[in-house]
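Chains, contacts and geometry: an overview
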Amino acid sequence: MSHVMSPVVDELWERRAELSPADVEARIQVVGAVDLLDRGEVRVARVVGGEVVVDERAKRAILLSFRLLGMARSQVGDFQHHDRVPLKTSFDGVRVVPGAIARWGSYLAPGVVLMPSFTNIGAYVDSGTMVDTWATVGSCAQIGKNVHLSGGVGIGVGLEPPGAVPVVVEDDAFIGSRSMIVEGARVGRGAVIGAGTILSGTIPVIDVRTGEELARGRVPDWCVAVGGTRQKEFPGGTFGLPCVLVIKRLEPEQRHDKAALNEVLREHGVNT
């Protein structure tokens with residue numbers, strides 16, 4: 001069941017310059033607001049009617065917490081930490097492998113698996129998703145159900161600057177090793193992103209069958225996409241600029257068969 005943050009957050013935001021950890025009542029209000037994010041009762045962003053809708057109040061609560069929480073020491077075994085944001089403590093139904101780190105204010109649904117990885121404040125990771133070794137889920141990133149974030153994947157932040165749209169990876173997507181999905185980019189449902197792909201909110205996504213630019217920063221549902229370049233003329237010469245290439249369309253609801261996907265990538269000369 002979703003909740004709505006108190007409008008007190010907006011009032012505190014308007015006078016944020018004068019706030020400090022000494023403001024006990026303000027801190028109580030903001031901690032309560034971020035607790036809603038931690039429990040998944042509020043999300044920084046969600047897809048509504050096909051578009052990403054951002055809850056700016058939720059982002060403000062996170063930014064206010066940086067101002068209102070004092071620095072504190074904590075310790076896990078021999079590892080000592082000194083930070084304003086504590087580690088997450090609620091992991092009901094979540095598998096957390098030693099070495100995984102999740103900050104308070106992130107939500108992890110039952111069935112999530114965290115290998116040694118990092119999940120930042122404001123992130124939402126839905127059920128059945130695997131965050132593999134050395135993957136990073138940036139602040140406010142929204143990760144759907146049954147997603148696989150392969151080793152070393154970087155999901156970018158969506159907290160700042162003001163107006164920034166969080167990265168969204170929709171249900172059943174597969175993100176290949178060392179890929180970077182950043183700056184308001186969106187990966188559609190069931191999409192497969194080849195290893196090493198870089199997708200930002202401004203990078204063009206092109207269908208190799210037609211040469212058509214499908215969108216900027218958004219990989220369509222149920223397709224296989226890889227990183228590529230396209231040639232562009234400049235006064236100094238012709239240079240290759242990054243793009244993302246859609247090389248195959250998948251049947252809706254088609255499950256990812258790793259052997260078949262590897263064959264598709266090999267056909268196009270892409271490393272797997």
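Every value quoted in this text rests on a predicted model; they were computed, and no experiment measured them.

Rules used in this analysis
Residues numbered from 1 in each chain as written. Predicted model: local features only at pLDDT ≥ 70, side-chain atom pairs only at ≥ 80, totals over all residues. Heavy atoms only, no water. Helix = DSSP H or I, 4+ residues; strand = E, 2+ residues; numbered from the N terminus. Buried < 20%, exposed > 50% of the residue type's maximum accessible area, 1.4 Å probe, protein only. Contact = heavy atoms within 4.5 Å. Phe/Tyr/Trp six-rings, centres within 6.5 Å; stacked < 30°, edge-to-face > 60°. Lys NZ or Arg CZ within 6 Å of the ring centre and 35° of its normal.

Right, let's get into the environment of Ala26. Structurally, the position occupied by Ala26 is in helix α2 (residues 24-38). The buried category is assigned to Ala26, whose relative accessible area is 7%. Considering only alpha carbons, one finds Ala26 and Ser65, 39 residues apart in sequence, at a separation of 9.5 Å. Once you skip the residues sitting within four places of it in the chain, Ala26 turns out to touch Leu12, Leu19 and Leu68.

On the secondary structure map, Ser139 appears in the loop between β12 (136-137) and β13 (142-143). Looking at Ser139, the relative accessible area reads 4%, which means it is buried. Those residues in contact with Ser139, other than ones at most four positions away along the chain, are Asn120, Ile121, Gly156, Val157, Gly158 and Leu159.

Looking now at the packing of aromatic side chains. Within this structure, the stated rule accounts for two aromatic pairs. Between Tyr107 and Tyr124, the ring centres sit 4.9 Å apart and the planes meet at 40 degrees, which makes this aromatic pair tilted. Of the two residues, Tyr107 sits in strand β7 (residues 107-108) while Tyr124 sits in strand β10 (residues 124-125), which places them 17 residues apart along the sequence. The exposure class assigned to Tyr107 is buried, which follows from its relative accessible area of 16%. Owing to a relative accessible area of 11%, Tyr124 belongs among the buried residues under this scheme. Looking at Arg16, its charged tip hangs above the ring of Trp13, at a distance of 4.0 Å from the centre. Sitting over the face of the ring of Tyr124, Arg43 holds its NZ or CZ atom 3.7 Å from the ring centroid.

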